[in-house]
Amino acid sequence: STRNYPCKMNQLPPKSPLASPVSEGRNSRVEALDNLSMDSFWLEVENIKQSAEAEQEECSLADVKTQEEGEAEAEWLQDAGLSELLGDRGSDSDNLVLLSTLTRTQTAAVQRRLDTYSRSRRRKNKHPVRHVRDIFGEVNSKETGAEKEESSPDPLWHNLQTANAQRKTQDYSCTVRNPGKEEVFNMDVAYSEQAAVLLKGSFLPESRKLKDANTLTKFKIPKGRLGVTRIGDLSAQDMKKIPTLALIELTALCDILGFELKRNKAAKLKTTEKRLFGVPLNTLLENDQKLLPNTKVPLLLQALLSCLEKRGLETEGILRVSGSQTRIKSLEQKLEREFYTGLFRWDEVHQNDVSGLLKRFIRELPAPLLTAEYLPAFAAVQNIPDLKQRLQALNLLILILPEPNRNTLKALLEFLSKVVARENNNKMNLWNVSTVMAPNLFMHKGLPNKIPEGKEKQLAEGAADVVRMMIHYQDLLWTVSSFLVAQVRKLNESNSKRYQFCDKRIKNLLRKIHADKDKVEKNQAEPSKVVKVHASLLLKDSLEVHLNNATRVADVLRQFQKNLCQNGWNIVNTVNLLKCNNSMEGTNLLLYEVGGNIGEHCLDPDTYLLDLYHINPHAEWIIKQNPSYPRMF
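Naming follows an unreviewed UniProt entry, where the protein chain appears as RHG40 protein of Sakesphorus luctuosus. According to the UniProt record, the Function (unreviewed entry) comment for the protein chain is "GTPase activator for the Rho-type GTPases by converting them to an inactive GDP-bound state."

Asker: Now, about the pairing of strand β8 (residues 543–547): what can you tell me, with residues and values included?
Answerer: Alternating positions in β8 separate cleanly, L543, V545 and L547 being buried on one face and E544 and H546 remaining unburied on the opposite face. With five bridges joining them, strand β7 (residues 529–534) and β8 adopt antiparallel strand pairing. The residue bridging V533 from the neighbouring strand is L543, located in β8.

Asker: So what about the environment of V297? Which residues, and what values?
Answerer: Tracing the backbone through its elements, the reader meets V297 in the loop between α12 (281–291) and α13 (299–311). Residue classification places V297 among the buried positions, given a relative accessible area of 13%. Discounting chain neighbours no more than four positions away, the residues touching V297 are L285, Q302, N407, T408 and A411.

Asker: I'd like a rundown of the sheet that holds β8, residues and numbers included.
Answerer: The strand order across the open sheet built from five strands is β8-β7-β11-β9-β10, with neighbouring strands paired in mixed fashion. The open sheet terminates on both sides in strands that have one partner only, identified here as β8 and β10 (598–602). Neighbouring strand axes in the sheet, compared pairwise and without regard to direction, differ in orientation by 30° on average. Where β7 lies against strand β11 (residues 620–625), two bridges are found, and the strand directions are parallel. Bridging across to β11, V533 finds its partner in W621.

Asker: Explain the side chain of E73 to me, and be specific about the residues and the numbers.
Answerer: Residue placement: E73 occurs in helix α3 (residues 71–79). For E73, which is buried and forms no salt bridge, the nearest opposite charge comes from R113, at a distance of 6.3 Å. Those residues in contact with E73 that lie beyond four places of it in its chain are R113, T116 and Y117.

Asker: Describe in detail the pattern of salt bridges, supporting the description with residues and values.
Answerer: Where charged atoms from two side chains of opposite charge come close, those side chains can pair. All told, the structure shown has 25 salt bridges when counted by the stated rule. Note that K410 is salt-bridged to E414, the shortest N-O span being 2.8 Å. Of this pair, K410 and E414 both sit in helix α18 (residues 403–421), separated by four residues, roughly a single helical turn. Take K410: its relative accessible area is 14%, and that puts it in the buried class. Exposure remark for E414: the relative accessible area of 36% places this residue in the partly exposed category. Here the salt bridges do not stand alone but share partners, grouping K223, R552, D555, R558, D604 and D606 into one network.

Asker: Provide a residue-level description of the packing of aromatic side chains, including the pertinent values.
Answerer: One pass over the structure, following the stated rule, counts eight aromatic pairs. Centre to centre, the rings of F277 and F361 are 6.2 Å apart; their planes meet at 80°, and the pair counts as edge-to-face. Note that F277 is positioned in the loop between α11 (242–257) and α12 and F361 in helix α15 (residues 351–363), a separation of 84 residues in sequence. Here the two residues F277 and F361 agree in accessibility, since each one is buried. With 4.7 Å between their ring centres and 65° between their planes, F344 and W346 make a pair best called edge-to-face. When sorted by exposure, F344 lands in the same class as W346, which is buried. Pairwise contacts between aromatic rings join F185, Y191, F219, Y473 and F483 into one cluster. Across the ring face of W76, the terminal group of R113 is positioned such that the distance to the ring centre comes to 5.5 Å.

Asker: Can you tell me about unusual backbone geometry, naming the residues and giving the values?
Answerer: A negative phi angle characterises most non-glycine residues, just as the trans form characterises most peptide bonds. One non-glycine residue, N294, adopts positive backbone phi at about 70°. A positive phi is found at L319, a non-glycine position, where the angle reads about 80°. Take L319: it is sitting in the loop between α13 and α14 (325–338). Accessibility expressed as a relative area gives 0% for L319, which makes it buried.

Cut-offs used in this document
Residues numbered from 1 in each chain as written. Predicted model: local features only at pLDDT ≥ 70, side-chain atom pairs only at ≥ 80, totals over all residues. Heavy atoms only, no water. UniProt positions renumbered as here; feature names shortened; annotations may be inferred. Buried < 20%, exposed > 50% of the residue type's maximum accessible area, 1.4 Å probe, protein only. Helix = DSSP H or I, 4+ residues; strand = E, 2+ residues; numbered from the N terminus. Pairing = 2+ DSSP bridges. Contact = heavy atoms within 4.5 Å. Axes fitted to C-alpha atoms, helices over the stretch in contact; angles between N-to-C directions. Lys, Arg positive; Asp, Glu negative; His and termini not counted. Salt bridge = Lys/Arg side-chain N within 4 Å of Asp/Glu carboxyl O. Phe/Tyr/Trp six-rings, centres within 6.5 Å; stacked < 30°, edge-to-face > 60°. Lys NZ or Arg CZ within 6 Å of the ring centre and 35° of its normal.

Now the structure itself:
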């Protein structure tokens, strides 16, 4: 049976049969969370309900239509950048380029969805579609037994299903492994490949019960020779490729873990005449950028957060204690009239009313901040038993988010971290903040709101746990995995060559690609190299740098600063004048890799440049000043 609640928690997708080890009852994670009060969550739900009733709003404005068989797979292939595979014939060059970058588990995920789509279309007697064997190769009768086994339809998936079935009776009681200790978070190897290896070895995480933020596992991303890439380090052109690759990888990871990746179909939303509340993020940013170019987070949200940071961080119960609904509604109307005129007086507004406006702004977005399409996937992360794999899934989901949503979410999480940091004064610890914010992120009036009887507590705790992970691990989650950056480089290299292949050659191409991947290439790189580093915005001259195996980006920036100060190089841009009084720190300068197999890449100070040169020998290296985007309010 189900109950309807105004603006109640959105229903999470049912667990896959393979995920049954996470029992519907009280597993150890839920038992541990029982010790953490959920009063704040339900109080926030009641406040949201009262607010909606006061305005006589219908909280279910749009239903997600049930998709016919094959529709979900077709949408997935389109979102994954493989829409041309849905046709019978056509230009396959772009698809081949993307397929050539995929790992074995990613390829298996694509193949399964194309195969499902093909079967559904054949049953409906629609226009013939490409058979999966046309893309991924056809077994040749002359192949050896090993080759036949390797080319047979999806043996990996069969093995994973068997392994999952064998583990159905095991107790997935783990949430935290080695609490308080530091573990390695590997981003060099695709998450799905890591999961496949662990699954093959019947890996069972060490059982630990979750207590509080102090016992959450600390993860460290090991810096390889190429350093770490954060969101924002890549050019917009390269970042456009990341969501597609992240979607394929997330799907492959879910396949291996035995979870179905559920996505909502975006519903048409009603337009509004308002300028601030209830306005799509894209529209808000377009309007804000007319006033302040390069704005990445809505100015209203910046103003709300800035006001709370200045006067609300020390307030006891901030975010939890609700302001007056009448005052909040009045303030919203006043902001609509006066915000862009600069006449609104923030110092006259009570802090609890500002926090109410903040939560209202998030709830009133026409589409959820986590997007209508992926809100169920964010919510379903709680069903993954292992903490590290939950974080891997969250990392990929954040990379999939549209840029406005991702930037807005980051600004919100950074503020929430500041609230938690003042816990001694405001009495809001990580769990308190998470339980208060979860309803505002996971409840939305434009999505279905039915919850199975008896599931309310489990779903509420799970949603709060996901918010807690996003707050606590946000630095890790806003990192672009090295394996994804490597795939972007491969895409750029292949796109520059623009292979043109007919269908009969696809089999041989993919076989060669994957054979090359399995070969261990010997490094015959030069032990040293002399390169030029440019800083045209600062200097006329370029800097000659002698690279060896120990040369890092930080070393080059220090050498540049030393030469700039001691040799009195000719400054051509007086606006960017750097005074040599030892006040300039290394963080003021950044080294960028530009061109070759990357668009533009801001380099980690610990990147070893000789290794980078061998990977991208045709790139230019340019020193720039660190850009800053101060808040307007």
